[in-house]
Amino acid sequence: MQKQVAPGITRIGLQAWDERVFDALIALPYGTSYNAYLVQGGEKTALIDTARMGFETELLGQVSALTPLAELDYLVMNHAEPDHTSAIPQVLAAAPRARLLLTQPGRAAVQALYQVEDDRITVVKEGDTVDLGGKSLRFVDAPFLHWPETMFTYCPEEAVLFSCDFMGSHIAADLPFADQVGGIVLPEAKRYYAQIMMPFARPAARAMDKIAALDPKPRLIAPSHGPPHRRPEVILQAYEQWVRGPLLPKIVVAYISMWSSTATLAQEVADAASAEGVEVIPRNLQVADLSHVACDLVDASALVVGSPTVLGGPHPAVAQAMTLIKAIRPRLKLAAAFGSYGWSGGAVKAIGDMAKAAGMETVDTLEVKGRPHEADLAAARALGRRVAQAVLSATKGQ
Ligand code: FEO
């Protein structure tokens with residue numbers, strides 16, 4: 001699908017309607033898209049990013065329908081991950097005069113991945129520009145968004161920011177702009193942010209400052225996944241909240257249960273916390289998609305984890321969730337743990353250790369032998385209240 005998104009700028013959106021998992025990790029309920037952009041100036045032409053493996057032929061066909069590949073002057077590599085670079089060898093072969101523009105760390109990455117000859121490469125740095133004739137491209141370092149070599153590319157004449165993964169979403173859609181795709185864009189952009197960008201919140205904050213300083217202000221933010229944003233203030237405001245806005249009075253209760261005892265405790269914890277006036281999101285890890293748990297944690301203030309003890313430790317589903325949570329680095333600092341055990345405890349302490357390793361302070365724990373009796377249920381309610389009060393105290397006046 002090719003759509004002109006600004007004068008002389010065409011989105012080549014390669015739609016993966018049926019793709020259901022990304023990075024062997026992230027569910028794709030709406031598929032995804034891999035966006036390259038062709039920028040045609042009065043004198044020169046540049047292709048920004050390419051595509052993932054399997055889309056090489058489609059990409060070349062779509063570009064050559066717009067301009068002869070032999071006349072392509074530049075191929076800009078904003079980011080080296082193969083979902084945007086797999087077609088680099090084919091494009092360079094078909095476009096013999098094209099220079100590959102990338103950052104210094106990008107050079108090492110592309111040579112490791114594709115063994116591109118050094119004489120095809122031009123390294124660019126922050127503030128460098130290339131003139132296309134009536135249009136130019138300016139390069140903006142954006143390290144770690146999402147790999148160390150990443151940069152953004154800005155076309156000031158059309159006020160279009162090519163932001164690569166940043167502000168993207170996993171959505172396949174034939175409609176060219178985010179506001180036409182509708183209500184799924186922000187939730188999917190947030191779920192994308194949670195797993196791809198949240199581990200790099202500081203670089204993301206620096207990038208937000210750089211975007212705010214662009215002159216002129218961007219009129220279009222064109223990411224490499226999902227539809228471009230022609231109302232950039234919508235995605236910019238959302239990112240501002242996710243990256244460094246106040247945490248919300250919200251608690252995620254993530255649990256799993258084998259014989260319903262831990263589930264019973266989870267219900268008591270959740271009901272008691274909710275009664276204190278905080279939002280509670282229960283996530284049963286037996287069925288929950290971890291990308292949704294990650295999304296909850298973008299702006300939640302506390303994580304409460306429940307697990308039975310399985311062979312001396314937490315249930316493997318809880319261990320897997322805690323491994324992911326540690327990796328994606330949510331900003332919250334408050335945690336609690338609870339669970340039931342049959343003949344040996346240990347899960348609750350292990351969860352506390354995992355929470356500490358993830359930078360959280362455990363404010364309360366509860367471990368129950370066997371089925372919870374009234375005193376245990378009361379203790380679970382007390383735990384829910386204590387966590388809620390800690391959250392209300394932490395978020396007061398934000
Ligand atoms: Fe869409 Fe980090 O690649």
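Everything below is about the structure printed above this text.
What this report covers is the structure whose coordinates are included nearby. Residue positions are given per chain, counting from 1 as you read along its sequence in written order. Per-residue local features of the predicted model are confined to residues with pLDDT of at least 70, and side-chain atom pairs are confined, for both listing and counting, to 80 or more; whole-chain, interface and lining totals are unaffected and use all residues. As a rule here, side-chain values cover all heavy atoms of the structure and leave hydrogens and water aside.

### Considerations on the overall build of the protein chain
- Going along the chain from the N terminus, every DSSP run of H or I of four or more residues is numbered as a helix, and every run of E of two or more is numbered as a strand. Within the protein chain one finds 13 helices and 21 strands.
- Each principal axis of the C-alpha distribution contributes one length, and for the protein chain these read about 80 × 40 × 35 Å.
- The burial tally for the protein chain puts 58% of its 398 residues in the buried class.
- Pairs at least 24 residues apart make up 72% of the contacts formed inside the protein chain by residues separated by at least 6 positions.
- Here, Shrake-Rupley sampling with a 1.4 Å probe gives the accessible areas, and only protein chains in the shown set may cover a residue. Of the roughly 15800 Å² of accessible surface on the protein chain, a fraction of 54% belongs to carbon and sulfur atoms.
- As used throughout, the charge tally considers Lys and Arg to be positive and Asp and Glu to be negative, leaving His and the chain termini uncounted. By convention, the charge on Lys lies at NZ, on Arg at CZ, on Asp at CG and on Glu at CD. Placing the 36 positive and 42 negative side-chain charges of the protein chain at their respective mean positions leaves the two points 5 Å apart. Each residue gets one of three labels from its accessible area relative to the maximum for its type: buried under 20%, exposed over 50%, partly exposed in between, using a 1.4 Å probe on protein chains only. Here, two residues are considered to be in contact whenever any of their heavy atoms come within 4.5 Å of each other.

### Remarks on the pairing of strand β17 (residues 302-306)
- Among the five residues that make up β17, five are buried, leaving the element largely enclosed by the rest of the structure.
- Taking every second residue as pointing to the same face, both faces of β17 are buried, with Ala302, Val304 and Gly306 on one and Leu303 and Val305 on the other.
- For strand β15 (residues 250-255) and β17, the ladder comprises five bridges, and the chain directions are parallel. If you follow alanine 254 over to β17, its bridge partner there is valine 305.
- Bridge count for β17 against strand β20 (residues 334-341) is five bridges, and the pairing is parallel. Strand pairing requires that DSSP identify at least two bridges connecting the strands.

### Details of the nonpolar core
- Counting residues in hydrophobic clusters, the biggest one holds 91 residues, and the most contacted among them are Leu100, Phe166, Tyr239 and Leu303.
- Here this core takes seven residues from helix α11 (residues 316-328), the largest share from any one element.
- With residues near it in sequence (within four places) discarded, leucine 303 still touches Val252, Ala254, Leu297, Met322, Ile325, Leu332, Leu334, Ala335, Ala336 and Met360. We define the nonpolar core as a collection of buried residues of types Ala, Val, Leu, Ile, Met, Phe, Trp, Tyr and Cys that are connected through side-chain atoms lying within 4.5 Å of one another.

### A few points about the side chain of glutamate 158
- By the secondary structure assignment, glutamate 158 is in the loop between β12 (151-155) and β13 (160-164).
- Judged by relative accessible area, glutamate 158 falls into the buried class, the value being 14%.

### Observations concerning the sheet that holds β15
- Reading across from one edge, β16-β15-β17-β20-β21 is the order of the five strands in this open sheet, with parallel pairing throughout. Looking at which strands have only one partner, the edges of the open sheet turn out to be β16 (279-284) and β21 (361-369). For this sheet the average axis-to-axis angle between neighbouring strands, irrespective of direction, equals 15°.
- Helix α9 (residues 261-275) rests against β15, β16, β17, β20 and β21 of the sheet, and its axis sits at about 145° to β20.
- Each axis is a line fitted through C-alpha atoms, and for a helix only the stretch in contact is used; angles between axes span 0 to 180 degrees, taken between their N-to-C directions. Where helix α12 (residues 347-357) meets the sheet, its contacts fall on β17, β20 and β21, and the angle it forms with β21 comes to roughly 165°.

### Looking at the sheet that holds strand β1 (residues 2-6)
- Across the sheet, which stays open at both edges, the seven strands sit in the order β1-β2-β5-β6-β7-β8-β9 with mixed pairing between neighbours. Either end of the sheet is taken by a strand with one partner, and the two such strands are β1 and β9 (121-123). Taking the axes of each pair of neighbouring strands and ignoring which way they run, one obtains an average angle of 25° across the sheet.
- Relative to strand β7 (residues 74-76), strand β6 (residues 45-48) runs parallel, the two being bridged by three bridges. Across the sheet, the residue bridging to isoleucine 48 is valine 76, located in β7.
- Against the sheet, helix α1 (residues 56-64) makes contact with β1, β2 (9-16), β5 (32-40) and β6, and its axis sits at roughly 155° relative to β2, the strand it touches most.

### Digging into the side chain of glutamate 19
- For glutamate 19, the position within the fold is in the loop between β2 and β3 (21-22).
- For glutamate 19, a relative accessible area of 14% puts it in the buried group.
- Pairs of N or O atoms within 3.5 Å make up the polar contacts considered here, provided that, within protein, one atom can donate a hydrogen while the other can accept it, and that residues adjacent in sequence are counted only when both atoms are side-chain atoms. Here the side chain of glutamate 19 touches arginine 52 through a polar contact of 3.2 Å, side chain to side chain.
- Setting aside its immediate chain neighbours within four residues, glutamate 19 contacts Leu28, Gly31, Thr32, Tyr34 and Arg52.

### A few points about the packing of α11 against α12
- Two numbers describe how α11 lies on α12: the axes approach to 9 Å, and their chain directions differ by 15°. Viewed along their axes, α11 and α12 adopt a mutual orientation that is roughly parallel. Relative to α12, the crossing made by α11 is right-handed. Across from Val318, Ala319, Met322 and Lys326 in α11, the residues of α12 making contact are Ile351, Met354, Ala355 and Ala357. Roughly parallel means an angle under 35 degrees; roughly antiparallel, over 145; roughly perpendicular, 65 to 115; everything else is oblique. Helix crossings get a hand from a simple test, with the near helix turned counterclockwise from the far one by less than a right angle marking a left-handed crossing and a clockwise turn marking a right-handed one.

### Considerations on the environment of glutamate 149
- Examined against the element boundaries, glutamate 149 turns out to sit in the loop between β11 (136-141) and β12.
- Note: C-alpha distance between glutamate 149 and phenylalanine 338 (189 residues apart in sequence) is 42 Å.
- Ignoring any residue separated from it by four or fewer positions in sequence, one finds glutamate 149 in contact with Met77, Asn78, His79, Ala80, Glu81, Thr103, Pro105 and Gly106.

### As for the pattern of salt bridges
- Note on definitions: salt bridges are taken to be side-chain nitrogens of Lys or Arg within 4 Å of carboxyl oxygens of Asp or Glu. Counted under the stated rule, the structure contains 19 salt bridges.
- Of the charged contacts, one joins glutamate 268 and arginine 381 as a salt bridge, the two residues approaching to 2.9 Å between their closest N and O atoms. Highlighted residues: glutamate 268 in helix α9 and arginine 381 in helix α13 (residues 374-395), separated in sequence by 113 residues.
- Within the structure, one salt-bridge network assembled from shared partners comprises Lys190, Lys250 and Asp299.

### A word on the packing of aromatic side chains
- Note on ring pairs: Phe, Tyr and Trp rings are taken, using the six-membered ring of Trp, and paired if centres are within 6.5 Å. Classes follow the plane angle, with under 30 degrees stacked, over 60 edge-to-face and the rest tilted. In total, this model carries eight aromatic pairs according to the counting rule given.
- Three or more aromatic residues joined by ring pairs form one cluster here, namely Phe152, Phe166, Tyr193, Tyr239 and Trp242.

### Focus on helix α7 (residues 201-213)
- Expected helix span is computed as 1.5 Å times (number of residues minus one). Between its first and last C-alpha, α7 extends 18 Å over 13 residues, near the 18 Å set by a 1.5 Å rise per residue.
- Buried residues of α7: Pro203, Ala204, Ala205, Ala207, Met208 and Ile211, and no others.
- Where α7 is buried, its residues contact β12, β13 and α8 (232-244).

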